[in-house]
Amino acid sequence: MEHTAGSKKNLPNPVLLQDDEELHKNSCAVRATENTRKRHPFTDKPLLQSEELYEYVMKTGVYPREPNPLKELRMATASHPMAYIGTAPDAGQLIAMLLKLANSKRSLEIGVFTGYSLLLTALTIPDDGKITAIDIDRKTYEIGLPIIIKAGVEHKIDFIESPALPILDKLLENPEKEGSFDFAFVDADKNNYWNYHKRLMNLIKVGGFVIYDNTLWGGTVALPEEDVAEPLRERRQFIIEFNKLVSADPRVEMSQVPLGDGITICRRIC
């Protein structure tokens, strides 16, 4: 997940905001999280504009129910200079609930990073479930891999180090793969979101879900372009165009949810 600028006030990073008093007492860990935050080139803030409300939501309803392997992976990611792009735990909580409601068993993940959403999915689907996970960088996946192994869910994961489009196209060459997946999570290159969507509409079964991350782009989608930091504008425009296209897509029911950096939930209906 990529959090972006939209306010001069720094609000807590969902990866770094901790409910663990022990971590706060550890001065080395605190310094590490502060250094990570300082390396972020833009203000990192949740969409909730009140820091107090955000902390309340996380500490009351999210962190107490976060499985220990996910908490451990979040901690392992916190010192990474790009920790801010990890899936937000509050968004992850909703994703886990949707996976259960849909009885998901076969999943696609486009964009893995250190594997928070991947581990979440692996913990949620049945023991004989399978996840095809695609990312261009295995090194970041290997940060979370020891925790995935310790959690006993590595056997559910088929990690492929590659750009996603060629893998999706290869899957579609096999007629048996059409409609064979019941869930997909996309957190990757924003310029290809619509390209992913077109292919996923053939790979996901009718009644299955696709969730796209970062679809409110730190709230900048609602701002005039001149009020958006220059480095954010190009990907912001990709997100705006994707939002327009998916909103008009008759193949899906959709809901845009202001969790994390904004997620769009699509349910294929035809």
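For the structure, see preceding data.
Given the structure is predicted, the values throughout are model-derived calculations rather than measurements.

How each quantity is defined
- Each chain has its residues counted from 1, following the order in which its sequence is written.
- Whole-chain, interface and lining totals are the exception, using all residues; otherwise, since this is a predicted model, local features are given only for residues with pLDDT of at least 70 and side-chain atom pairs are given and counted only at 80 or more.
- Side-chain descriptors were evaluated using all non-hydrogen atoms of the structure, hydrogens and water having been removed beforehand.
- Strands here are runs of E lasting at least two residues and helices are runs of H or I lasting at least four, both read from the DSSP assignment and numbered beginning at the N terminus.
- Should any heavy atoms of two residues lie within 4.5 Å, those residues are counted as being in contact.
- Working definition of accessibility: Shrake-Rupley area with a 1.4 Å probe, residue cover restricted to the visible protein chains.
- Only when DSSP finds a minimum of two bridges between them are two strands counted as paired.
- Working convention: axes come from line fits to C-alpha atoms, limited for helices to the stretch in contact. Angles between N-to-C directions cover 0 to 180 degrees.
- Only protein chains enter the area calculation, which uses a 1.4 Å probe; residues under 20% of their type maximum are buried, those over 50% are exposed, and those in between are partly exposed.
- Between the rings of Phe, Tyr and Trp (Trp by its six-membered ring), a pair exists once the centres lie within 6.5 Å; its type follows the angle of the planes, with under 30 degrees stacked, over 60 edge-to-face, and the other angles tilted.
- Lysine NZ or arginine CZ positioned within 6 Å of the ring centre and within 35 degrees of the ring normal marks a charge as sitting over the ring.
- Salt bridge, as used here: a side-chain nitrogen of Lys or Arg that lies within 4 Å of a carboxyl oxygen of Asp or Glu.
- Any angle that is under 35 degrees is reported as roughly parallel, and any over 145 degrees as roughly antiparallel; angles of 65 to 115 degrees are reported as roughly perpendicular and all others as oblique.
- Each residue is assigned to one class: nonpolar for Ala, Val, Leu, Ile, Met, Phe, Trp, Tyr, Cys and Pro, charged for Asp, Glu, Lys and Arg, and polar for all the others, Gly among them.

(A) Quick peek at the overall build of the chain. Within the chain, the secondary structure is distributed over 10 helices and 7 strands. Taking the contacts inside the chain whose residues are at least 6 apart along the sequence as the reference set, 74% of them involve residues at least 24 apart. Roughly 12400 Å² of accessible area belongs to the chain as shown, and the carbon and sulfur atoms make up 52% of that amount.

(B) Region of interest: the sheet that holds strand β2 (residues 130–135). Spatially, β3-β2-β1-β4-β5-β7-β6 is the arrangement adopted by the 7 strands of the open sheet, whose pairing is mixed. Two strands close off the open sheet at either side, each with one partner strand: β3 (157–161) and β6 (252–257). Neighbour-to-neighbour, the strand axes of the sheet open up by a mean angle of 15°, direction not taken into account. Pairing of strand β4 (residues 181–186) with strand β5 (residues 204–213), which is carried by 5 bridges, proceeds in the parallel orientation.

(C) Fine view of the side chain of Thr121. With respect to the helices, strands and loops of the structure, Thr121 is situated in helix α6 (residues 116–124). The class for Thr121 is buried, based on a relative accessible area of 1%.

(D) Structural detail: the packing of aromatic side chains. For the structure shown, the criterion picks out 5 aromatic pairs. Between Tyr141 and Phe159 the ring centres are 4.1 Å apart and the planes differ by 0°, which places this aromatic pair in the stacked class. Here Tyr141, found in helix α7 (residues 138–150), pairs with Phe159, found in strand β3; they are 18 residues apart in sequence, far enough to count as distant. You can call Tyr141 buried: its relative accessible area is 3%. The rings of Tyr193, Trp194, Tyr212 and Phe242 are connected pair by pair, giving a single aromatic cluster. Above the ring of Phe181, the side-chain terminus of Arg106 is found at 4.8 Å from the ring centroid.

(E) View of the pattern of salt bridges. Under the counting rule described, the total for this entry stands at 10 salt bridges. Across the pair Glu142 and Arg138 runs a salt bridge, and its minimum N-O distance is 3.0 Å. Of the two residues, Glu142 and Arg138 both sit in helix α7, 4 residues apart, roughly one turn of that helix. According to the relative accessible area criterion, Arg138 is partly exposed, its value standing at 29%. The partner of Arg251 in a salt bridge is Asp249, with the nearest N and O atoms 2.9 Å apart.

(F) Fine view of the packing of helix α4 (residues 68–78) against α6. Axis separation between α4 and α6 bottoms out at 10 Å; the angle between their running directions is 170°. Overall, the two elements α4 and α6 adopt an arrangement that is roughly antiparallel. Packed against α4, whose contacting residues are Pro69, Leu70, Leu73 and Arg74, the element α6 presents Tyr116, Leu119, Leu120 and Leu123 at the interface. A per-class count over the contact of α4 with α6 returns 7 nonpolar, no polar and 1 charged.

(G) View of the pairing of β6. Alignment of β6 against strand β7 (residues 263–268), held across 6 bridges, turns out to be antiparallel. For Val252, the partnering residue across the bridge sits in β7 and is Arg268. With antiparallel pairing between neighbouring strands as the criterion, β6 and β7 make up a hairpin whose turn holds 5 residues, including Gly260 at a positive phi of roughly 60°.

(H) View of unusual backbone geometry. A positive phi angle is found at Asn103, which is not glycine, with a value near 50°. Within the secondary structure layout, Asn103 lies in the loop between α5 (89–101) and β1 (106–110). Under the relative-accessibility criterion, Asn103 is labelled exposed at 61%. Phi angles above zero are rare outside glycine, and Asn214 is one such case at about 70°.

That is the geometry; function is a separate question.
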